[in-house]
Amino acid sequence: MTTPVPWTPDELTARLRTLADERYHHRHPFNLRMHDGDLSPQELRCWVLNRFHYQRHIPVKDALILAKLHTREQRQGWIRRIHDHDGRPGEEGGIERWLRLGEAVGLDRVLLLSGEGVLPAVRLAVDGYVNYCRSGTPLQAVASSLTELFAPDLMKARIGAWERHYPWIEPSGLHYFQVRVRQGRQDAEEALALVGEWARTRADQEQVLAAFTFKCDVLWSLLDAVEHASSVRADAR
(Lines give C-alpha, C1' and ligand atoms only; values in the text may rest on other atoms or scores of the structure.)
Protein backbone atom coordinates (compact mmCIF):
# COMPACT_ATOMS: atom_id res chain seq x y z
CA MET A 1 0.00 0.00 0.00
CA THR A 2 1.42 3.35 -1.06
CA THR A 3 1.91 5.97 1.65
CA PRO A 4 -0.02 9.13 0.73
CA VAL A 5 2.17 12.04 -0.30
CA PRO A 6 2.03 14.93 2.19
CA TRP A 7 0.33 18.11 1.04
CA THR A 8 2.46 21.17 0.55
CA PRO A 9 2.03 23.95 3.15
CA ASP A 10 -0.07 25.90 0.67
CA GLU A 11 -2.27 22.87 -0.01
CA LEU A 12 -2.81 22.30 3.72
CA THR A 13 -3.72 25.95 4.21
CA ALA A 14 -6.13 25.75 1.28
CA ARG A 15 -7.83 22.73 2.88
CA LEU A 16 -8.13 24.64 6.15
CA ARG A 17 -9.75 27.52 4.29
CA THR A 18 -12.20 25.19 2.59
CA LEU A 19 -13.15 23.68 5.95
CA ALA A 20 -13.50 27.15 7.46
CA ASP A 21 -15.79 28.26 4.66
CA GLU A 22 -18.02 25.28 5.42
CA ARG A 23 -17.82 25.03 9.21
CA TYR A 24 -16.43 28.18 10.85
CA HIS A 25 -19.01 29.96 12.95
CA HIS A 26 -19.16 33.05 10.73
CA ARG A 27 -21.94 31.10 8.96
CA HIS A 28 -23.92 30.39 12.11
CA PRO A 29 -27.44 31.89 12.00
CA PHE A 30 -26.85 33.70 15.29
CA ASN A 31 -23.74 35.43 13.96
CA LEU A 32 -25.58 36.29 10.75
CA ARG A 33 -28.42 37.86 12.74
CA MET A 34 -25.92 39.70 14.90
CA HIS A 35 -24.21 41.25 11.89
CA ASP A 36 -27.53 42.10 10.23
CA GLY A 37 -28.55 44.07 13.32
CA ASP A 38 -31.40 41.72 14.22
CA LEU A 39 -30.46 40.87 17.81
CA SER A 40 -32.31 42.36 20.74
CA PRO A 41 -30.34 43.81 23.66
CA GLN A 42 -31.27 40.73 25.66
CA GLU A 43 -29.90 38.41 22.97
CA LEU A 44 -26.65 40.35 22.78
CA ARG A 45 -26.28 40.20 26.55
CA CYS A 46 -26.90 36.45 26.49
CA TRP A 47 -24.15 36.02 23.92
CA VAL A 48 -21.68 38.27 25.76
CA LEU A 49 -22.27 36.44 29.05
CA ASN A 50 -21.91 32.96 27.59
CA ARG A 51 -19.01 33.85 25.33
CA PHE A 52 -17.19 35.22 28.37
CA HIS A 53 -17.19 31.71 29.80
CA TYR A 54 -15.22 30.70 26.70
CA GLN A 55 -12.96 33.77 26.85
CA ARG A 56 -11.94 33.24 30.46
CA HIS A 57 -10.80 29.70 29.60
CA ILE A 58 -8.56 30.74 26.70
CA PRO A 59 -5.52 31.40 28.93
CA VAL A 60 -6.23 28.10 30.70
CA LYS A 61 -6.06 26.10 27.48
CA ASP A 62 -3.02 28.10 26.38
CA ALA A 63 -1.25 27.23 29.65
CA LEU A 64 -1.98 23.56 28.93
CA ILE A 65 -0.53 23.93 25.44
CA LEU A 66 2.48 25.83 26.81
CA ALA A 67 3.34 22.86 29.03
CA LYS A 68 3.49 20.63 25.92
CA LEU A 69 6.02 22.74 24.01
CA HIS A 70 9.54 21.39 23.92
CA THR A 71 11.77 24.38 23.27
CA ARG A 72 12.42 27.66 25.00
CA GLU A 73 11.68 29.56 21.79
CA GLN A 74 8.32 27.88 21.34
CA ARG A 75 7.34 28.64 24.94
CA GLN A 76 8.49 32.26 24.61
CA GLY A 77 6.13 32.69 21.68
CA TRP A 78 3.16 30.90 23.15
CA ILE A 79 3.25 32.53 26.59
CA ARG A 80 2.40 35.84 24.96
CA ARG A 81 -1.11 34.49 24.39
CA ILE A 82 -1.60 34.10 28.13
CA HIS A 83 -0.37 37.64 28.71
CA ASP A 84 -2.66 38.92 25.94
CA HIS A 85 -5.71 37.56 27.75
CA ASP A 86 -4.78 37.72 31.43
CA GLY A 87 -2.60 40.82 31.13
CA ARG A 88 0.66 41.41 32.92
CA PRO A 89 0.68 42.90 36.44
CA GLY A 90 -0.57 46.46 36.21
CA GLU A 91 -1.84 46.03 32.65
CA GLU A 92 -5.24 45.09 31.30
CA GLY A 93 -5.67 42.09 29.07
CA GLY A 94 -8.39 40.57 26.96
CA ILE A 95 -10.34 39.27 29.95
CA GLU A 96 -10.60 42.80 31.37
CA ARG A 97 -11.57 44.19 27.97
CA TRP A 98 -14.34 41.59 27.72
CA LEU A 99 -15.63 42.57 31.15
CA ARG A 100 -15.83 46.14 29.88
CA LEU A 101 -17.70 44.88 26.84
CA GLY A 102 -20.15 43.25 29.23
CA GLU A 103 -20.61 46.52 31.08
CA ALA A 104 -21.12 48.32 27.76
CA VAL A 105 -24.06 46.05 26.90
CA GLY A 106 -25.55 46.43 30.37
CA LEU A 107 -24.16 43.46 32.30
CA ASP A 108 -22.61 43.64 35.74
CA ARG A 109 -19.04 42.38 35.90
CA VAL A 110 -19.84 40.62 39.16
CA LEU A 111 -22.44 38.58 37.28
CA LEU A 112 -19.96 37.79 34.49
CA LEU A 113 -17.28 36.69 36.94
CA SER A 114 -19.73 34.58 38.94
CA GLY A 115 -20.58 32.40 35.94
CA GLU A 116 -24.24 32.55 36.88
CA GLY A 117 -26.47 32.13 33.88
CA VAL A 118 -23.93 30.32 31.70
CA LEU A 119 -25.81 27.73 29.68
CA PRO A 120 -25.06 24.05 30.41
CA ALA A 121 -24.27 23.33 26.75
CA VAL A 122 -21.77 26.21 26.74
CA ARG A 123 -20.06 24.81 29.81
CA LEU A 124 -19.91 21.40 28.13
CA ALA A 125 -18.44 22.82 24.90
CA VAL A 126 -15.80 24.85 26.74
CA ASP A 127 -14.87 21.93 28.99
CA GLY A 128 -14.54 19.78 25.89
CA TYR A 129 -12.13 22.24 24.30
CA VAL A 130 -10.00 22.62 27.43
CA ASN A 131 -9.84 18.84 27.88
CA TYR A 132 -8.92 18.40 24.21
CA CYS A 133 -5.92 20.69 24.73
CA ARG A 134 -5.07 18.89 27.96
CA SER A 135 -5.15 15.36 26.55
CA GLY A 136 -4.22 15.89 22.91
CA THR A 137 -0.78 15.86 21.35
CA PRO A 138 1.06 19.16 20.90
CA LEU A 139 0.13 19.04 17.21
CA GLN A 140 -3.56 18.52 17.93
CA ALA A 141 -3.67 21.20 20.62
CA VAL A 142 -1.91 23.82 18.50
CA ALA A 143 -3.87 22.91 15.37
CA SER A 144 -7.14 23.42 17.23
CA SER A 145 -6.19 27.08 17.60
CA LEU A 146 -5.98 27.61 13.84
CA THR A 147 -9.48 29.04 13.77
CA GLU A 148 -7.56 32.24 14.57
CA LEU A 149 -6.68 32.35 10.87
CA PHE A 150 -10.25 33.43 10.23
CA ALA A 151 -11.08 35.36 13.39
CA PRO A 152 -9.65 38.77 12.34
CA ASP A 153 -12.04 39.09 9.39
CA LEU A 154 -14.96 38.10 11.63
CA MET A 155 -13.85 40.65 14.23
CA LYS A 156 -13.69 43.43 11.64
CA ALA A 157 -17.16 42.54 10.37
CA ARG A 158 -18.45 42.49 13.96
CA ILE A 159 -17.00 45.91 14.76
CA GLY A 160 -18.65 47.46 11.70
CA ALA A 161 -21.97 45.73 12.40
CA TRP A 162 -22.07 46.80 16.04
CA GLU A 163 -21.21 50.39 15.15
CA ARG A 164 -23.98 50.46 12.52
CA HIS A 165 -26.73 48.52 14.22
CA TYR A 166 -26.22 48.81 17.97
CA PRO A 167 -25.46 52.48 18.69
CA TRP A 168 -26.74 52.05 22.24
CA ILE A 169 -23.52 50.16 23.07
CA GLU A 170 -20.74 52.38 24.38
CA PRO A 171 -18.03 52.46 21.67
CA SER A 172 -15.28 51.77 24.21
CA GLY A 173 -16.86 48.36 24.70
CA LEU A 174 -15.60 47.34 21.24
CA HIS A 175 -11.97 47.62 22.29
CA TYR A 176 -11.63 43.86 22.76
CA PHE A 177 -12.52 43.20 19.12
CA GLN A 178 -10.26 45.99 17.87
CA VAL A 179 -7.24 44.64 19.71
CA ARG A 180 -7.88 41.04 18.70
CA VAL A 181 -7.74 41.85 14.98
CA ARG A 182 -3.99 42.38 15.31
CA GLN A 183 -3.37 39.76 17.98
CA GLY A 184 -5.34 37.12 16.11
CA ARG A 185 -3.25 37.53 12.97
CA GLN A 186 -0.02 37.15 14.91
CA ASP A 187 -1.32 34.14 16.83
CA ALA A 188 -2.49 32.45 13.64
CA GLU A 189 0.81 32.96 11.82
CA GLU A 190 2.78 31.49 14.73
CA ALA A 191 0.46 28.49 15.14
CA LEU A 192 0.51 27.81 11.40
CA ALA A 193 4.32 27.87 11.43
CA LEU A 194 4.41 25.30 14.26
CA VAL A 195 1.90 23.08 12.48
CA GLY A 196 3.93 23.32 9.27
CA GLU A 197 7.05 22.29 11.16
CA TRP A 198 5.42 19.32 12.92
CA ALA A 199 2.94 17.96 10.37
CA ARG A 200 5.34 16.25 7.99
CA THR A 201 3.21 13.26 6.98
CA ARG A 202 -0.25 13.03 5.47
CA ALA A 203 -1.43 11.35 8.68
CA ASP A 204 -0.18 14.33 10.70
CA GLN A 205 -1.91 16.71 8.32
CA GLU A 206 -5.16 14.79 8.63
CA GLN A 207 -4.87 15.26 12.40
CA VAL A 208 -4.53 18.99 11.81
CA LEU A 209 -7.76 19.06 9.82
CA ALA A 210 -9.53 16.95 12.45
CA ALA A 211 -8.39 19.26 15.26
CA PHE A 212 -9.50 22.30 13.28
CA THR A 213 -12.89 20.70 12.63
CA PHE A 214 -13.28 19.91 16.32
CA LYS A 215 -12.62 23.53 17.25
CA CYS A 216 -15.14 24.74 14.67
CA ASP A 217 -17.68 22.39 16.25
CA VAL A 218 -16.94 23.85 19.69
CA LEU A 219 -17.58 27.39 18.47
CA TRP A 220 -20.70 26.31 16.56
CA SER A 221 -22.07 24.45 19.59
CA LEU A 222 -21.65 27.52 21.76
CA LEU A 223 -23.77 29.55 19.35
CA ASP A 224 -26.32 26.75 19.03
CA ALA A 225 -26.87 26.98 22.78
CA VAL A 226 -27.25 30.75 22.75
CA GLU A 227 -29.55 30.65 19.71
CA HIS A 228 -31.76 28.03 21.37
CA ALA A 229 -31.92 30.00 24.62
CA SER A 230 -32.90 33.12 22.68
CA SER A 231 -35.69 31.31 20.82
CA VAL A 232 -37.05 29.82 24.06
CA ARG A 233 -37.18 33.28 25.65
CA ALA A 234 -38.89 34.67 22.56
CA ASP A 235 -41.50 31.91 22.65
CA ALA A 236 -42.11 32.54 26.35
CA ARG A 237 -43.02 36.13 25.56
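No experiment lies behind these values; they were computed from the predicted model shown.

Student: In this structure, what is going on with the overall build of the protein chain? I would like to understand it.
Tutor: Counting its secondary structure elements, the protein chain contains twelve helices and zero strands. Taken from N to C terminus, the helices and strands of the protein chain fall in the order α-α-α-α-α-α-α-α-α-α-α-α. Here the C-alpha atoms of the protein chain give a radius of gyration of 18 Å, agreeing with the 18 Å that 2.2 N^0.38 yields for 237 residues. With the principal axes as the frame, the protein chain shows a C-alpha extent of 60 × 40 × 30 Å.

Student: Explain the pattern of salt bridges to me, please; I cannot follow it from the model alone.
Tutor: Side chains bearing opposite charge may pair, as long as their charged atoms lie close to each other. All chains considered together, the criterion is met by 15 salt bridges. Its salt-bridge partner being R80, residue E190 comes within 3.0 Å of it at the nearest N-O pair. A residue pair is termed long-range when its members are at least 10 positions apart, and E190 in helix α11 (residues 175-198) and R80 in helix α5 (residues 72-86) qualify at 110 residues. One salt bridge connects R100 with E96, and the closest N-O pair in it is separated by 3.1 Å.

Student: Could you clarify how one ought to interpret the packing of aromatic side chains in this entry?
Tutor: The geometry of an aromatic ring pair comes down to the distance between the two centres and the angle between the two planes. Considering all chains together, one arrives at twelve aromatic pairs under this definition. Here W98 and Y176 contribute two aromatic rings whose centre-to-centre distance is 5.0 Å and whose plane-to-plane angle is 85°, an arrangement assigned as edge-to-face. Placement of W98 in helix α6 (residues 94-104) and of Y176 in helix α11 is noted, with a sequence separation of 78 residues between them. You can call W98 buried: its relative accessible area is 1%. Here W162 and Y166 contribute two aromatic rings whose centre-to-centre distance is 6.1 Å and whose plane-to-plane angle is 75°, an arrangement assigned as edge-to-face. The class of W162 is buried, set by a relative accessible area of 2%. Judged by its relative accessible area of 2%, Y166 is buried.

The rules behind these values
Residues numbered from 1 in each chain as written. Predicted model: local features only at pLDDT ≥ 70, side-chain atom pairs only at ≥ 80, totals over all residues. Heavy atoms only, no water. Helix = DSSP H or I, 4+ residues; strand = E, 2+ residues; numbered from the N terminus. Rg over C-alpha atoms; globule rule 2.2 N^0.38 Å. Salt bridge = Lys/Arg side-chain N within 4 Å of Asp/Glu carboxyl O. Phe/Tyr/Trp six-rings, centres within 6.5 Å; stacked < 30°, edge-to-face > 60°. Buried < 20%, exposed > 50% of the residue type's maximum accessible area, 1.4 Å probe, protein only.

Read these as geometric descriptors, not functional statements.
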